[in-house]
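Architecture and fold: a report
Each chain, written out:
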Amino acid sequence: MLLTKDKRIRHRQAEIDAVKEAGARMFCIPSGNLTGRQMADRLVHNRHRIAQRAGKRGPYIYLVHADRLERIYPPT
C-alpha cells in the first residue's frame with residue numbers, strides 16, 4: 001500500500017502505468033497545501049475506509065478527502 005500527496009497523479013500517464021503494472025494500492029492526499037496535522041486528520045478520519053479498500057487487490061488509486069475516498073483509477 002502506498003500513501004502519497006501527489007495531487008497531480010491522475011494527469012501523469014507514466015505514473016498511472018507504473019501503478020497498473022505493479023498492481024499497486026495507492027491512496028493520495030489531493031491537496032499539497034495541507035499541514036502535517038491536516039493530512040494526519042484525513043488519514044485517521046478515513047482509516048476504516050482505507051483499511052477496507054487496502055485489503056482488496058490492486059491496481060487502484062484513491063484520493064483521500066476530508067470526509068470520503070474517491071477512486072480515480074481505474075475509473076468507475
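Every chain is numbered on its own, with residues counted from 1 as its sequence reads. Per-residue local features are limited, in this predicted model, to residues with pLDDT of at least 70; the limit for side-chain atom pairs, both in listing and counting, is 80 or more; totals at the level of whole chains, interfaces and linings are taken over all residues. Calculated side-chain values reflect all of the structure's heavy atoms, with hydrogen atoms and water omitted.

Moving on, we get to the overall build of the protein chain. Check the secondary structure of the protein chain and you find three helices and four strands. Secondary structure elements of the protein chain, listed N to C terminal, follow the sequence β-α-β-α-α-β-β. For a compact globule the rule gives 2.2 Å times the number of residues to the power 0.38, and the radius of gyration it is set against comes from C-alpha atoms. Its C-alpha radius of gyration of 12 Å places the protein chain within 12% of the 11 Å reference for a compact globule of 76 residues. Seen through its C-alpha atoms, the protein chain measures out along the principal axes to roughly 30 × 25 × 20 Å. For every residue, the accessible area (1.4 Å probe, protein chains only) is compared with the maximum for its type, and the residue is labelled buried under 20%, exposed over 50%, or partly exposed between those bounds. Among the 76 residues that make up the protein chain, the fraction classed as buried is 33%. Accessibility throughout is a Shrake-Rupley quantity obtained with a 1.4 Å probe, and a residue counts as covered only by protein chains that appear here. Accessible surface, the protein chain as shown: approximately 5000 Å² in total, 49% of it carbon and sulfur. Labels follow the DSSP assignment, with helices taken as runs of H or I lasting at least four residues and strands as runs of E lasting at least two, numbered in each case from the N terminus.

This brings us to the pattern of salt bridges. We define a salt bridge as a side-chain nitrogen of Lys or Arg found within 4 Å of a carboxyl oxygen belonging to Asp or Glu. Tallied over the full model, the rule gives four salt bridges. Ionic pairing is found between Arg12 and Glu15, a salt bridge with its closest N-O pair at 3.7 Å. Look at Glu15 and you get partly exposed, because its relative accessible area is 28%. Close ionic contact of Glu70 with Arg68 constitutes a salt bridge, the shortest N to O distance being 3.9 Å. Taking relative accessible area as the criterion, Glu70 reaches 26% and is therefore assigned partly exposed. Connected through salt bridges with shared partners, the residues Asp6, Arg12 and Glu15 form a single ionic network.

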